[in-house]
Amino acid sequence: MDEHVITIGWVDAPDEIAYHDYVEGTYNSFSCTCDLPLPDRDTATRHAAESGRCLMCLGSGTISINPHQSSGCDACAGSGRSEPGTIMIQARVTESFVKEVAALLPDEFGLCDVVAALEPRMKGGAEAVLSVAAGLIRYLEVQGEVVLCTAPDFLPGEGVEQRYGDPLWLRVR
Ligand SMILES: [Zn+2]
Ligand SMILES: [Zn+2]
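Residues numbered from 1 in each chain as written. Chains lettered and ligands numbered in written order. Predicted model: local features only at pLDDT ≥ 70, side-chain atom pairs only at ≥ 80, totals over all residues.

(A) Quick look at the overall build of the chain. Of the regular secondary structure elements, the chain holds five helices and seven strands. Ordered by position from N to C terminus, the α and β elements of the chain give β-α-β-α-β-β-α-β-α-α-β-β. Within the chain, the proportion of its 173 residues that are buried is 31%. Put simply, of all contacts in the chain between residues at least 6 apart along the chain, 52% involve residues at least 24 apart. (Helix = DSSP H or I, 4+ residues; strand = E, 2+ residues; numbered from the N terminus. Buried ≥ 20, exposed ≤ 12 C-beta atoms within 10 Å, placed from the backbone. Contact = placed C-beta atoms within 7 Å.)

(B) Local environment of the environment of Gly110. Assignment of secondary structure puts Gly110 in strand S5 (residues 108-110). Judged by local crowding, Gly110 falls into the partly exposed class, with 17 C-beta atoms found within 10 Å. For the pair Gly110 and Leu168, spaced 58 residues apart in sequence, the C-alpha to C-alpha distance is 4.6 Å.

(C) Seen up close, unusual backbone geometry. The backbone of Leu58 sits at a positive phi, close to 60°, despite the residue not being glycine. Its location among the elements puts Leu58 in the loop between helix H2 (41-50) and strand S3 (62-66). The phi dihedral of Ala77 falls on the positive side, at around 55°, and the residue is not glycine. Along the polypeptide, Ala77 turns up in the loop between strand S4 (69-72) and helix H3 (95-104). With 12 C-beta atoms packed within 10 Å, Ala77 lands in the exposed category.

By themselves these figures say nothing about function.
Pasting the structure below:
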C-alpha cells in the first residue's frame with residue numbers, strides 16, 4: 001500500500017500569519033513522499049483527501065498556524081486520518097469570513113456554536129464544517145481573541161443538557 005506522508009514547511013514566513021495566507025499556504029511549502037508536485041494548500045488538501053488524510057493537518061496530526069506555534073489537530077484528534085469519502089473542505093475562507101463568524105459567537109461558546117454559525121455559510125458535509133470550525137477556533141486562539149476555559153464545575157439544572165468534557169471558549173473583548 002502506498003504511503004503518502006505530506007510535509008508542510010514554512011518559507012520566509014513573517015511572525016504573524018493572516019488567516020487567508022494560512023488557508024492559501026502563502027508561506028508554506030508542501031511535499032509528499034510520492035513526489036507529486038504540491039504547489040499550494042488547495043492541491044495538498046486535495047491530495048490529502050485522496051489518500052484518506054485529515055484535511056486540516058494533512059496527516060501530520062499537528063496544526064501549525066504560524067512558524068513558532070504548533071499544536072494538536074482537533075479535526076482528527078491527532079490521528080492524521082479522516083473518514084473515507086470526506087468531502088473536500090471549502091478552502092476559500094477569508095479573514096472577513098472569520099470575523100463575520102466570530103462576531104456571531106456568544107461570549108462563552110463550544111464547538112457546536114461555531115458549527116451552528118458556520119453551517120448556513122458554507123458548503124460541504126458536517127465533517128467539512130467541523131474541520132473548518134476547529135481551524136477557526138485555533139486561529140482565534142492564536143490571535144488572542146478567545147481563550148479556552150475549563151468545563152463548568154457546577155451541575156446543570158434539571159432538563160439542561162450539559163455534556164461534560166466538551167471544551168468551552170471565552171471571547172476576549
Ligand atoms: Zn502522495
Ligand atoms: Zn488532523
